[in-house]
Structures are given as C-alpha cells and as structure tokens.
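# Report on the structure
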Amino acid sequence: MRVGVVVIGRNEAVGLERCLRSALREGVPVVYADSDSTDDSVRIAERLGVVVEPVPGRPHTAARGRNAGVRRLCAIWPQVEVAQFIDGDCELVPGWLSAAMAAMTVDDRIAVVCGRQRERRRNASIYSRLLDIEWDRPLGDDVAEYGGAAFTRLSAFHAVGGYNADMP
C-alpha cells in the first residue's frame, strides 16, 4: 500500500517543524493543510519542501483541514491508498507507519488503525497530564471511536464522504 501524510494546523509554528520532519523522515508524500495561519506555519512547511494546501471556509475545523489535505494529496499522488492524519502539534513516532501498515494489511476490511497518543511532556503541567489521561483509551480490534491522528484507508474515507466538515 502506498502511504501519504496529511498534517493539519492553524498557527502551529512552535511545533510544526518537529511534526513535519517526523513525517518527512518516512519518505512518503506530505501535505500540510493550513487554516489561515497568521504565524510562520506556512513558511516553515514551504522551507521544508512540504506541499501546502490552504483550507478555505469557516469555521476552522480539523475535519475541514483533513478533507482539504486528502483532496490535495490524491490530486498530486493519486496512487496513495492510505493517509496518516496528524495534527501540526504532534509527531509521528519512528516505526509507527510500518506498524500501522502491518496491522491494516491483515484484513482489507480494516478502515482505520490508530495507536496510543501521548503528551510529549505529560508531567509538565496538570493540563498536560489530564490530556494524557484523556487519550488513554481502549485499544483493540473493535474500537468504536478514535481521535484525528489515524492511519486511514482512503477507499473507506471516500466511501463515507470524508469527515463531516462542520463538526468542530
């Protein structure tokens, strides 16, 4: 399966370079879907050679960004079959894409593979710790819900019309 990465964000300059570098080191196509950033986010992505897709419309939602990123990814690289969605303030752990691919190839009915998201500095503040606890969700074959950082089969994504762009 051919993989691409869609990074979404708005004013993510503080952590965006780390995020984009984590995706670029995987050697796969990367698109940054930007929702009207007023900081250096777009310049950072362009400097790294990442395709930047402006995300039109309001309200700014993660769903709108993911949908726009997939459209651009598929327009440039139509052979991509799976997209890893990630937020601009996150990073991919080395080996994640390979592990997700291995899990997905077990059964062609699997639409999404997600893992355990962790706060980088979970003990830095009570807020970071609470987020880390909130992301501690059940893992396994029958996960009913998942966050936006997910490895997604694009045939399934397109079959359901992508994300609901109006959902915050």
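Higher on the page you've got the structure.
Residues numbered from 1 in each chain as written. Predicted model: local features only at pLDDT ≥ 70, side-chain atom pairs only at ≥ 80, totals over all residues. Heavy atoms only, no water.

Another point: the overall build of the chain. Scanning the chain for helices and strands turns up six helices and six strands. The globule rule puts the C-alpha radius of gyration for 168 residues at 15 Å, and the 15 Å found for the chain is close to it. Counting only C-alpha atoms and orienting by the principal axes, one finds that the chain spans roughly 40 × 40 × 30 Å. When the 168 residues of the chain are sorted by exposure, 40% land in the buried category. Taken as a whole, the chain presents about 9,500 Å² of accessible surface, with 51% of it coming from carbon and sulfur. Taking the 21 positively charged and 23 negatively charged side chains of the chain as two groups, their mean positions are separated by 3 Å. (Helix = DSSP H or I, 4+ residues; strand = E, 2+ residues; numbered from the N terminus. Rg over C-alpha atoms; globule rule 2.2 N^0.38 Å. Buried < 20%, exposed > 50% of the residue type's maximum accessible area, 1.4 Å probe, protein only. Areas by Shrake-Rupley, 256 points an atom, 1.4 Å probe, with all protein chains shown as cover. Lys, Arg positive; Asp, Glu negative; His and termini not counted. Charge placed at Lys NZ, Arg CZ, Asp CG, Glu CD.)

For the rest of this paragraph, the subject is the nonpolar core. Ranked by internal contacts, the top residues of the largest apolar core, which has 25 residues, are Val5, Val7, Leu20, Tyr32 and Phe151. Contributing elements (two or more residues each) for this core: strand E1 (3-9), helix H1 (13-24), strand E2 (30-34), helix H2 (41-47), strand E4 (82-87) and helix H4 (96-104). Judged by nonpolar contacts, the second largest core, of 14 residues, contains Val6, Ala33, Val55 and Ala68. (Core = buried A, V, L, I, M, F, W, Y, C linked by side-chain atoms within 4.5 Å.)

Turning our attention to the packing of aromatic side chains. Across all of its chains, the model carries three aromatic pairs by this definition. Taking 5.7 Å as the distance between ring centres and 35° as the angle between the ring planes, the aromatic pair formed by Phe85 and Phe157 counts as tilted. Placement of the pair is Phe85 in strand E4 and Phe157 in helix H6 (residues 154-159), with a sequence separation of 72 residues. The exposure class of Phe85 is buried, given its relative accessible area of 0%. The exposure class of Phe157 is buried, given its relative accessible area of 8%. Taken together, the ring pairs connect Phe85, Phe157 and Tyr163 into an aromatic cluster. A cation over a ring is seen here: Arg66 above Tyr163, with NZ or CZ 5.4 Å from the ring centre. (Phe/Tyr/Trp six-rings, centres within 6.5 Å; stacked < 30°, edge-to-face > 60°. Lys NZ or Arg CZ within 6 Å of the ring centre and 35° of its normal.)

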